[in-house]
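# Coordinates in review
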Amino acid sequence: MKSHTVYLTFDLPARMAFENITPQVEKIVRESGVAEGLVLCNAMHITASVFINDDEPGLHEDYKKWLEELAPFDASAARYRHNRTGEDNADAHMKRQVMGREVVVAITKGKLDFGPWEQIFYGEFDGRRDKRVLIKILGD
Amino acid sequence: MKSHTVYLTFDLPARMAFENITPQVEKIVRESGVAEGLVLCNAMHITASVFINDDEPGLHEDYKKWLEELAPFDASAARYRHNRTGEDNADAHMKRQVMGREVVVAITKGKLDFGPWEQIFYGEFDGRRDKRVLIKILGD
Amino acid sequence: MKSHTVYLTFDLPARMAFENITPQVEKIVRESGVAEGLVLCNAMHITASVFINDDEPGLHEDYKKWLEELAPFDASAARYRHNRTGEDNADAHMKRQVMGREVVVAITKGKLDFGPWEQIFYGEFDGRRDKRVLIKILGD
């Protein structure tokens, strides 16, 4: 069994933003030499996500608006007790739960085994600083 | 290490619907010959889910109503920018994020290692056409 | 390839509660002898979650309030059809979907490969009774 571990770092220039990381993951899968296996891609931070969906800018705007409705940004401690700690990012901890921490993707014949529109995104909900994503590959 | 890959196709006759795919996954696990391992089940489309919950029709009606409240269907581009592309399914991309893309299930002694009520569902949010689910098994 | 399977049991003394299970998972990873691999941690019940986030009591209060807004507890069958079955926990089936069933975590050099704040929680949404969590490790 082979394993391969890579850490990617992102510093997105907005509070909330999505970046397509499929090309980086594809490259790491090729480098691993794994033909049949699984790849885990997860945010290593708790106010960020890795998720799979469509690379369509209008949809990303819809996601931002929708997540803001479900868990509005509010730096005060009136709405969110977490912000009593001096943080202002309680909303980001909620947005991340909706979008998820991780994806697990099949590797078949050396490639990400994807449907026609699947793309992997890093989702940032408390940005403007370095955060890491873990790529872990297991297989043969 | 063994691996086994199967693609299932579903064409559900409604916009939103849930189908219990546990029997198919159990059969694929048996065919794989894997005694100890993991099985990944994921939607290959970005307006569909694979999730684990209860096979109770009332609950499924509750899920539909609840998801419709969280992300209402609206074919217009007034609510959802994604629908400016000519699509009418922006809501389905949101419903899918709530219910999730995938599940990873343990295989122990050759069987899905499940609690008493766990069942695997394909969740459709933009149906009436063929969509695929990937089953990928890794183990010994 | 090694595999290792452990079942943990929890009986949390409230309807909704979160318990940090990271120390138990770390111990199981050490016992497995796996240096490079994946660990799946999943709730075996459909009104409970395993998720990764921050061990901060204020945030946990925020999660409870937020989940209660997204899917309010209501024992009657007026809001939730599932409760016509004699259950009172339809809300718990929804809260669990928001927080997720499972996490998959990388094992690197014999340890959980975590970012600085990642902690694993058992999330209970219909408590005061025994429920199980499955820990399944695969690797070398």
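Below or above, wherever it landed, is the structure these notes cover. (Residues numbered from 1 in each chain as written. Chains lettered and ligands numbered in written order. Predicted model: local features only at pLDDT ≥ 70, side-chain atom pairs only at ≥ 80, totals over all residues. Heavy atoms only, no water.)

### Some thoughts on the overall build of chain A
So the rule is basically this: Counting from the N terminus, the helices are the DSSP runs of H or I reaching at least four residues and the strands are the DSSP runs of E reaching at least two. Exposure categories follow from relative accessible area, calculated using a 1.4 Å probe and restricted to protein chains: below 20% of the type maximum is buried, above 50% is exposed, and the middle band is partly exposed. Residues are treated as being in contact if the distance between any of their heavy atoms lies within 4.5 Å. Residue exposure ignores everything except the shown protein chains as possible cover, and the areas themselves are Shrake-Rupley values with a 1.4 Å probe.
The helix and strand inventory of chain A stands at 3 helices and 8 strands. Ordered by position from the N terminus, the helices and strands of chain A form the series β-β-α-β-β-α-α-β-β-β-β. Each principal axis of the C-alpha atoms in chain A carries an extent, and together these give about 50 × 30 × 20 Å. In chain A, which comprises 140 residues, the share counted as buried stands at 62%. Of the contacts formed within chain A by residues at least 6 apart in sequence, a portion of 81% connects residues at least 24 apart. For chain A, the accessible surface area stands at approximately 5,100 Å², while carbon and sulfur atoms represent 49% of it.

### Description of the relation of the copies chain B and chain C
Stated formally: Copies overlap after least-squares fitting; the atoms used are the C-alpha atoms of residues with pLDDT of at least 70 in both.
Mapping chain B onto chain C calls for a screw motion: a turn of 120° about the axis and a shift of 0.0 Å along it, with 0.0 Å RMSD after fitting. Such a turn and shift between the copies fits a three-fold axis. Within chain B, Val 98 of chain B has its C-alpha nearest the rotation axis, a separation of 3.4 Å.

### Focus: the environment of Phe 125 of chain B
Residues and elements named next belong to chain B. Structurally, Phe 125 can be placed in the loop between β7 (119-124) and β8 (131-139). Classification of Phe 125 as buried rests on a relative accessible area of 1%. Sequence separation between Phe 125 and Phe 73 is 52 residues, and the spatial gap between their C-alpha atoms is 9.7 Å. Sequence-distant contacts of Phe 125, defined by excluding residues within four places in its chain, comprise Arg 15, Met 16, Phe 18, Thr 47, Ala 48, Ser 49, Leu 67, Ala 92, Lys 95, Arg 96 and Met 99.

### With respect to the sheet that holds strand β5 (residues 102-108) of chain B
All names here are of chain B. Basically, it comes down to this: The criterion for strand pairing is that DSSP finds at least two bridges linking the strands in question. Axis definition: a line fitted to C-alpha atoms, limited for helices to the stretch in contact. Angles are taken between N-to-C directions and run from 0 to 180 degrees.
With respect to topology, 5 strands assemble into an open sheet ordered β1-β8-β3-β5-β6, the strand pairing being antiparallel. Strands at the two margins of the open sheet, each flanked by one partner only, are β1 (2-10) and β6 (111-112). With respect to the sheet, helix α1 (residues 22-32) is in contact with β1, β3 (37-43), β5, β6 and β8, its orientation differing from that of β1 by roughly 155°.

### Observations regarding the packing of helix α3 (residues 90-99) of chain A against helix α2 (residues 57-70) of chain C
For any two helices packed against each other, one specifies the inter-axial angle together with the distance between the axes. This is how the line gets drawn: Angle categories: roughly parallel below 35 degrees, roughly antiparallel above 145, roughly perpendicular from 65 to 115, and oblique for all the rest. By the definition used in this description, the sense in which the near helix is turned from the far one sets the handedness, with an anticlockwise turn below a right angle giving left-handed and a clockwise turn giving right-handed. Each residue receives one of three labels: charged for Asp, Glu, Lys and Arg, nonpolar for Ala, Val, Leu, Ile, Met, Phe, Trp, Tyr, Cys and Pro, and polar for the others, Gly being one of them.
It is at 10 Å that the axes of α3 of chain A and α2 of chain C come closest, and there the two elements cross at 55°. Taken together, the axes of α3 of chain A and α2 of chain C lie oblique to each other. In the packing of α3 of chain A onto α2 of chain C, the handedness of the crossing is right-handed. Taken together, the residues of α2 of chain C that come into contact with α3 of chain A (itself represented by Ala 90, His 93, Met 94, Gln 97 and Val 98 of chain A) are Leu 59, Asp 62, Tyr 63 and Trp 66 of chain C. A per-class count over the contact of α3 of chain A with α2 of chain C returns 6 nonpolar, 2 polar and 1 charged.

### Describing the nonpolar core
Put simply, the rule reads: Nonpolar cores were defined as sets of buried Ala, Val, Leu, Ile, Met, Phe, Trp, Tyr and Cys residues, with membership established by side-chain atoms within 4.5 Å.
Counting 51 residues, the largest nonpolar core has Trp 66 of chain A, Trp 66 of chain B together with Trp 66 of chain C as the members making the most contacts within it. Elements that contribute at least two residues to this core include exactly α2 (57-70) and α3 of chain A, α2 (57-70) and α3 (90-99) of chain B together with α2 and α3 (90-99) of chain C. For Trp 66 of chain B, the residues in contact, after removing those within four places along its chain, are Val 98 and Met 99 of chain B together with Leu 70, Ala 71, Met 94 and Val 98 of chain C.

### Section: α3 of chain A
Helical periodicity: at 3.6 residues per turn, an α-helix aligns residues three or four positions apart in one direction. All names here are of chain A. The buried fraction of α3 is high, at 10 of 10 residues. Residues of α3 that are buried include every one of Ala 90, Asp 91, Ala 92, His 93, Met 94, Lys 95, Arg 96, Gln 97, Val 98 and Met 99, and no others. One or two residues past the end of α3 sits Gly 100, with phi positive at roughly 95°.

### Looking at the interface of chain B and chain A
Note the cut-off: Here the quantity called buried area is the accessible surface, traced with a 1.4 Å probe, that two parts lose on coming together, added over both. Within this document, salt bridges are pairs made up of a side-chain nitrogen of Lys or Arg and a carboxyl oxygen of Asp or Glu, the two lying within 4 Å of each other.
The interface is formed by 29 residues belonging to chain B together with 35 residues belonging to chain A. It is Ile 46, Met 94 and Gln 97 of chain B in chain B that bury the most area against chain A; as a group they hold 23% of the surface buried on that side. On the surface where chain B and chain A come into contact, there are 2 salt bridges. Here Lys 136 of chain B ties to Glu 36 of chain A by a salt bridge, and the two come within 2.6 Å at their closest N and O atoms.

### Focus: the pairing of β8 of chain B
Residue and element names in this part refer to chain B. Judged by how many residues are buried, β8 sits mostly within the fold: 8 of 9 residues are covered. Here β1 runs beside β8; their pairing, made up of 9 bridges, is antiparallel. The residue bridging Thr 9 from the neighbouring strand is Arg 132, located in β8. Sheet topology places β3 next to β8; 7 bridges connect them, and they run antiparallel. Counted as the bridge partner of Val 39 is Ile 137 from β8.

### Remarks on the sheet that holds strand β8 (residues 131-139) of chain A
All names here are of chain A. In space, the 5 strands of this open sheet follow the order β1-β8-β3-β5-β6, with antiparallel pairing throughout. Edge strands, defined here as strands with exactly one partner in the open sheet, are β1 (2-10) and β6 (111-112). Relative to strand β5 (residues 102-108), strand β3 (residues 37-43) is paired through 6 bridges, and the arrangement is antiparallel. The residue of β5 that forms the bridge with Leu 38 is Ala 106. Those strands touched by helix α1 (residues 22-32) are β1, β3, β5, β6 and β8, and its axis lies near 155° from that of β1.

### Quick look at the interface of chain B and chain C
Rules: N or O atoms closer than or at 3.5 Å make up a polar contact, with two conditions inside protein: a donor-capable atom paired with an acceptor-capable one, and, for residues adjacent in sequence, both atoms drawn from side chains.
Between chain B and chain C, the residue contacts involve 35 residues of the former and 29 residues of the latter. Each partner contributes to the roughly 2,500 Å² buried at the junction of chain B and chain C, and carbon and sulfur atoms together form 59% of this total. Linking chain B with chain C are 2 salt bridges. The partner of Arg 101 of chain C in a salt bridge is Glu 118 of chain B, and the shortest N-O contact between them spans 2.8 Å. Inspection of the region where chain B meets chain C yields 16 residue pairs in polar contact (both at pLDDT 80 or more). Counting residues per element, the ones that place at least two in the side of chain B that touches chain C are β3, β4 (48-53), α2, α3, β5 and β8 of chain B. When its residues are assigned to classes, the side of chain B that touches chain C shows 19 nonpolar, 6 polar and 10 charged.

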